[in-house]
Amino acid sequence: MLRRDLALAWAARLFVQIAGSALMVYLFYYLESVAPAEAPGTIAARMGMVMIVAYTVPLPIAVLVGRLADRYGRTKPFLSAATIVAAAGLVGMAVADSFAVGAIAFCVYAAGASVFLALHASFAMQLLPSPRHRGRDLGLLNLTNTLPGLLGPLLTWALATPTDFRAVMLVLAALTLCGGLIILFARGRR
């Protein structure tokens with residue numbers, strides 16, 4: 001059961017991480033596509049502030065949600081809810097028609113994804129099947145951080161154009177939701 005659950009947790013994290021990897025590489029180009037009238041230098045400067053907000057705001061949220069998960073003894077509902085928030089941000093990015101809307105949607109995505117990744121780390125550690133193979137199992141879990149580095153940019157390259165990221169954002173939203181759904185089938189930690 002633990003190996004099956006660990007495989008499900010692995011797949012869930014992989015699907016969620018693909019979006020993060022794609023956005024880390026292509027966020028500037030995405031923002032440029034939704035704000036074509038703005039100068040690249042202006043976009044880069046504003047993007048720096050967006051990233052500070054997007055990666056700072058989720059910190060207290062992740063701590064709060066982690067405490068709630070511990071209090072209720074249930075992690076999976078919070079993991080799934082986080083993927084719904086992240087996917088909503090990606091859908092928002094798909095329909096954005098300005099820098100401000102795209103930036104806000106990215107912040108929503110980042111909040112959901114950050115909470116998912118923080119909770120997932122503790123969830124997956126509880127699923128490790130054997131103390132004798134923890135190093136190997138952690139190495140396999142780590143592939144969910146490295147494989148998306150290949151898959152996210154590949155998807156973006158295949159589905160986006162320099163002026164239209166709509167299709168890739170929708171595919172990333174679907175993958176993120178799949179990650180949230182997959183985690184529900186793991187039997188560990190309710």
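The structure this text deals with has already been given above.
Only a predicted model underlies this, so the values are computations on that prediction, with no experimental measurement involved. (Residues numbered from 1 in each chain as written. Predicted model: local features only at pLDDT ≥ 70, side-chain atom pairs only at ≥ 80, totals over all residues. Heavy atoms only, no water.)

**Brief notes about the packing of helix α4 (residues 76-95) against helix α5 (residues 99-125)**
With their axes 7 Å apart at the nearest point, α4 and α5 run at an angle of 155 degrees to one another. Classified by the interaxial angle, the pair formed by α4 and α5 is roughly antiparallel. As α4 runs across α5, the sense of the crossing is left-handed. Every residue of α5 that contacts α4 at Lys76, Phe78, Leu79, Ala82, Thr83, Val85, Ala86, Gly89, Leu90, Gly92 and Met93 is listed here: Gly102, Ala105, Phe106, Val108, Tyr109, Gly112, Ala113, Val115, Phe116, Leu119, His120 and Phe123. Class assignment of the residues belonging to the contact of α4 with α5 gives a composition of 16 nonpolar, six polar and one charged. (Axes fitted to C-alpha atoms, helices over the stretch in contact; angles between N-to-C directions. Helix = DSSP H or I, 4+ residues; strand = E, 2+ residues; numbered from the N terminus. Parallel < 35°, antiparallel > 145°, perpendicular 65-115°, else oblique. Left-handed = near helix turned anticlockwise from the far one by under 90°. Contact = heavy atoms within 4.5 Å. Nonpolar A, V, L, I, M, F, W, Y, C, P; charged D, E, K, R; others polar.)

**Remarks on empty space enclosed by the protein**
Tallying each qualifying case throughout the model produces one cavity of 30 Å³ or more. Of the pockets and cavities examined, the largest cavity occupies roughly 40 Å³. Surrounding the largest cavity, Ala22, Leu23, Tyr26, Leu27, Tyr30, Thr156, Phe165, Val168, Met169 and Leu172 form its lining. Those elements that provide at least two residues to the lining of the largest cavity are α1 (2-34) and α8 (166-184). Per-element accounting of the lining of the largest cavity gives the leading share, five residues, to α1. (1 Å grid on protein atoms, 1.4 Å probe; cavity = no way out; pocket = protein on both sides within 12 Å on 5 of 7 lines; lining within 4 Å. Points joined across faces, edges and corners; volume = space filled by probe spheres on them.)

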